[in-house]
Amino acid sequence: MENQKMHAYQEYVQRRLDLLTPILKQYAMGDFTEKIPVPDEQDEFTELMVSINLMGEDFQKILKDLEDQQALLDAITNTSPAMIYVYDLEKQRDIFMNSGLEILLGYSTQEVEEMGSEWFVTLIHPEDLAPALEFRKKVENALTDQVFELQCRMKHKDGSWHTFHGNERPFRRNPDGSVLQKIGIALDISEEIAAANALLESEDRLRLAIDASKLGVFDFDLLTGEVNISDEWLAMLDYEPNAFRLNFESWVKMLHPNDVENTLQVYQDYVTGKIPAYQVEFRMQKKDGTYRWILATGRVLSRDAEGNPTRMLGTHMNIDERKKREETFANYTRQLEEANQRMRTFNRLAVGRENKMIELKQEVNALSEELGRKPPYRLDFINEGGTGK
């Protein structure tokens, strides 16, 4: 009678092991699609089977969320009219690059790989290399996650030079706080720069270019403070021609409060000769009270006998759309950080899963020994660093 009970118990345990083992192996390989068929009768294995199934469902949801997040990021980056990349300082290479390089400069992924990790140095204009390397150093040594900006020329596959406006910032850091990865976006502003330069060559050519490009023109008399503005300048802020007269003080009042300090500093640095060019971005109040992003460029046309500037001519360009693309970049960075956080959470759960697998294998081994059988799982790696079966 005792032998019959033992035999029945052995068969019972074996049936449960036959249910558990295949699913546990799939879970250990990262496949959480299958579930353990839980018997109708309640026994000591039922709760364990239900727990394992719930654990599998949780991991499957996490994987699905990560896949959806990745699909969204892929859609954003590959439809963006810009180069977007993540560079790993330790690996000395880009660990992510969207299709922007091929679209904007004509180089295939294979051609970029053949250039090596320093493809950027290979393609940048020689005159822009030094400031670009200084820019790189600032980003890689940054103590905060501030955004750094760079304007440089890059060589197209057809041999022409394109001007890019780039933003970079630290993305991930090492435990000691040093920068491990940086993320960047680069927009081709060749057409904008070409238009601005052409407009500043002469007042006659300026007027012709203004009519074609819809840029606003300002003519600033530094002695009186009066500013003559074109109809396009007014239209950019939704005003009718001759809507009002402008002077320096009223222009400052139209600036967004958060942009006044920086804008006036750039202007002061330019007219005093501290910087070679006047180029600044700011928001100006429109007729309806909202704000529009403007790129202002200009140059001094005349000076007095002592070299002080007396007249300044320049342009306003509507860059609202570019700023929206930069906002998309900021959203993309935030989504990457959220995905990175999800991945860290997943890794922590994965460690817990491995520990749970070890505990389950230990229980199965113990049951096998009770049945007088050889334990099916090797667990000597726990102490010796080997690999489990």
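Residues numbered from 1 in each chain as written. Predicted model: local features only at pLDDT ≥ 70, side-chain atom pairs only at ≥ 80, totals over all residues. Heavy atoms only, no water.

### Side note on the packing of aromatic side chains
In the structure shown here, the tally under the stated rule is 8 aromatic pairs. Their ring planes at 10 degrees and their centres at 5.6 Å tell us that Phe220 and Phe248 sit as a pair that is stacked. Pair noted here: Phe220 is in strand S6 (residues 216-221) and Phe248 is in helix H10 (residues 248-254), with a separation of 28 residues, a long-range link. The class of Phe248 is partly exposed, set by a relative accessible area of 21%. Seen from their ring centres, Tyr239 and Phe244 are 5.0 Å apart, and the 85 degrees between their planes marks the pair as edge-to-face. On the basis of relative accessible area, Phe244 is assigned to the partly exposed category, the value being 26%. Put simply, the rings of Phe220, Phe248, Trp251, Tyr267 and Phe282 touch in pairs and so form one group of aromatic residues. Across the ring face of Trp293, the terminal group of Lys323 is positioned such that the distance to the ring centre comes to 4.2 Å. (Phe/Tyr/Trp six-rings, centres within 6.5 Å; stacked < 30°, edge-to-face > 60°. Helix = DSSP H or I, 4+ residues; strand = E, 2+ residues; numbered from the N terminus. Buried < 20%, exposed > 50% of the residue type's maximum accessible area, 1.4 Å probe, protein only. Lys NZ or Arg CZ within 6 Å of the ring centre and 35° of its normal.)

### A look at unusual backbone geometry
Note on backbone geometry: most residues besides glycine have negative phi, and most peptide bonds are trans. Phi is positive for Asp238, which is not a glycine, with a value near 70 degrees. Considering the arrangement of structural elements, one finds Asp238 in the loop between helix H9 (231-235) and strand S8 (246-247). A positive phi angle is found at Asn242, which is not glycine, with a value near 60 degrees.

### Topic: the pattern of salt bridges
One side chain can pair with another of opposite charge once the charged atoms of both are near each other. This model, assessed by the stated rule, comprises 18 salt bridges. In this structure, the salt-bridge partner of Arg173 is Asp145, at a minimum N-O distance of 3.3 Å. A residue pair is termed long-range when its members are at least 10 positions apart, and Arg173 in strand S4 (residues 161-173) and Asp145 in the loop between helix H6 (126-140) and strand S3 (148-155) qualify at 28 residues. Overall, the relative accessible area of 28% leaves Arg173 in the partly exposed class. Here Asp145 falls in the partly exposed class, since its relative accessible area comes to 42%. (Salt bridge = Lys/Arg side-chain N within 4 Å of Asp/Glu carboxyl O.)

### A look at helix H11 (residues 260-271)
Across its 12 residues, H11 extends 17 Å between first and last C-alpha, which sits within 8% of the 16 Å expected from 1.5 Å per residue. Thr263, Val266, Tyr267, Asp269, Tyr270 and Val271 are the residues of H11 that are buried. Elements in contact with the buried residues of H11: S6, H10, strand S9 (278-285), strand S10 (291-303) and strand S11 (309-318). Immediately beyond the C-terminal end of H11, within one or two residues, lies Gly273, with a positive phi of roughly 85 degrees. (Expected span 1.5 Å × (residues − 1). Contact = heavy atoms within 4.5 Å.)

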